[in-house]
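Reading the structure
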Amino acid sequence: MFDSNYNPSIYFAGKIWNNLKGRDLRDEHGFNVQTRWINHECGVKGQQTGAKIFTEEEKQGLWWTCAEDTTNADMVLVYAEQDDEMRGALVEMGMAMGASMERIKVGKPPIPIYIVGTCKSFQVNAISDVAFMRFKFVHKLEVHQFEDGSFDVLNGAKEARNHYLSTYHTPEHVFRKTGFLARAASSERGFHNSPAFT
């Protein structure tokens, strides 16, 4: 581990009614959650507010900030519960994957994606083998499920942060992130595409 005191920036993705879980990680447990959508009042499952009552212009602005926050984060934390059907979170995962490829081309570290919990969007079914789950920077975390069906997002976030620090926040990755090694990695010989330097 290079710097256990570093607090990586996190984009929190999930259904809008789980926004309070992202806020709790940030406000009560000190995680560096840099996600603006969670600041909107989103209601509860079955009685959603938030983006569902936004105007078209407000929705466009919201998705612009989601794209910014996702691609500027050190890592993405996706929270899912069994009955969830992911939509926006899948788009945000795609944003992180695309940004990771662009970062790697210039010798910078990727944006790893950590999935806490599970739902049918991440499970093999008759029409999909969820191949995107095999992307090299996607990590599925096994965490405790409570009696109410929710998952232990706090310990999942701790595990994700520890994995990020030990796998992606290494000396060489830090130097690449700050640009010291970017020029060499993007030379005529091609770009460095190793997911980790341990």
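This one's a predicted model, so the numbers in the text were calculated from it and none came from an experiment. (Residues numbered from 1 in each chain as written. Predicted model: local features only at pLDDT ≥ 70, side-chain atom pairs only at ≥ 80, totals over all residues. Heavy atoms only, no water.)

What follows concerns the pairing of strand β1 (residues 9-13). Of all 5 residues in β1, 5 are buried, a share of seventy percent or more. Along β1, one buried face is formed by Ser 9, Tyr 11 and Ala 13 and the opposite face, lined by Ile 10 and Phe 12, is buried too. Examined bridge by bridge, β1 and strand β2 (residues 32-33) share 2 bridges and lie parallel to one another. By the bridge assignment for β2, Ser 9 is matched with Asn 32. The pairing of β1 with strand β5 (residues 75-80) spans 4 bridges and is classified as parallel. Within β5, the position partnered with Ala 13 by the bridge is Val 78. (Buried < 20%, exposed > 50% of the residue type's maximum accessible area, 1.4 Å probe, protein only. Helix = DSSP H or I, 4+ residues; strand = E, 2+ residues; numbered from the N terminus. Pairing = 2+ DSSP bridges.)

At Val 130, a position not held by glycine, the phi torsion is positive, near 40 degrees. Mapped onto the fold, Val 130 is located in the loop between β6 (113-117) and β7 (138-141). With a relative accessible area of 7%, Val 130 lands in the buried category.

Where a protein is soluble and globular, its nonpolar side chains tend to be buried together. Counting residues in hydrophobic clusters, the biggest one holds 46 residues, and the most contacted among them are Phe 12, Leu 77, Val 78, Ile 113 and Phe 122. Within the residue set of this core, elements represented by two or more residues are β1, α2 (56-72), β5, α3 (88-105), β6, β7 and α4 (153-167). When near neighbours in sequence (up to four residues on either side) are disregarded, Phe 122 contacts Val 78, Ala 80, Met 86, Leu 90, Met 93, Ile 115, Val 130, Phe 132 and Met 133. (Core = buried A, V, L, I, M, F, W, Y, C linked by side-chain atoms within 4.5 Å. Contact = heavy atoms within 4.5 Å.)

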